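Overview (structure and organization)
Below are the chains, spelled out letter by letter.
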Amino acid sequence: MAMQLNGAGRRHRAAASHAGADTRHPAVALAIAVPCAVLLLVLFGGWDQLVTQTRAVADLIGR
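Structure report, in brief. (Residues numbered from 1 in each chain as written. Predicted model: local features only at pLDDT ≥ 70, side-chain atom pairs only at ≥ 80, totals over all residues. Heavy atoms only, no water.)

Re the overall build of the protein chain
- Within the protein chain, the secondary structure is distributed over two helices and two strands.
- Mapped in sequence order, the helices and strands of the protein chain form the string β-β-α-α.
- Out of the 63 residues belonging to the protein chain, those deemed buried represent 2%.
- With the model as given, the accessible surface of the protein chain reaches about 5,800 Å², and the carbon-plus-sulfur share is 63%. (Helix = DSSP H or I, 4+ residues; strand = E, 2+ residues; numbered from the N terminus. Buried < 20%, exposed > 50% of the residue type's maximum accessible area, 1.4 Å probe, protein only. Areas by Shrake-Rupley, 256 points an atom, 1.4 Å probe, with all protein chains shown as cover.)

Below, the structure is given as structure tokens:
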């Protein structure tokens, strides 16, 4: 199905598609995003920063 731009510059599918076909379950998004985030943390050594930020947020919450 051909993608077309409407007046606002957003893409929409041809009229033959179903409205629910464009949605994706949130678990699928997590399954895509979490491995990418972990890979970036490992590649760039962000574990220490992640621990530091987590402790700071926990202190703000009061735990």
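Concerning a nonpolar patch on the surface
- Nonpolar side chains collect at one region of the surface, where L30, V34, V38, V42, W47 and L50 lie side by side and expose about 530 Å² of accessible area between them.
- Only helix 1 (26-44) and helix 2 (47-61) provide two or more residues apiece to the nonpolar patch.
- Broken down by element, the nonpolar patch gets its largest block of residues, four residues, from helix 1.
- Note that L50 resides in helix 2.
- Residue classification places L50 among the partly exposed residues on the basis of a relative accessible area of 37%. (Patch = residues over 30% accessible without salt bridge, like charges linked within 9 Å, V, L, I, M, F, W, Y side chains within 5 Å. Salt bridge = Lys/Arg side-chain N within 4 Å of Asp/Glu carboxyl O.)

Some thoughts on helix 2
- Between its terminal C-alpha atoms helix 2 stretches 21 Å, which fits the 21 Å expected from 15 residues at 1.5 Å a residue.
- Looking one or two residues past helix 2, G62 carries a phi angle of roughly 100 degrees, positive in sign. (Expected span 1.5 Å × (residues − 1).)

Describing helix 1
- Its 19 residues give helix 1 an end-to-end C-alpha distance of 27 Å, which sits within 8% of 27 Å, the value for a rise of 1.5 Å per residue.
- Within two residues after helix 1, G45 carries a phi angle of roughly 65 degrees, on the positive side.

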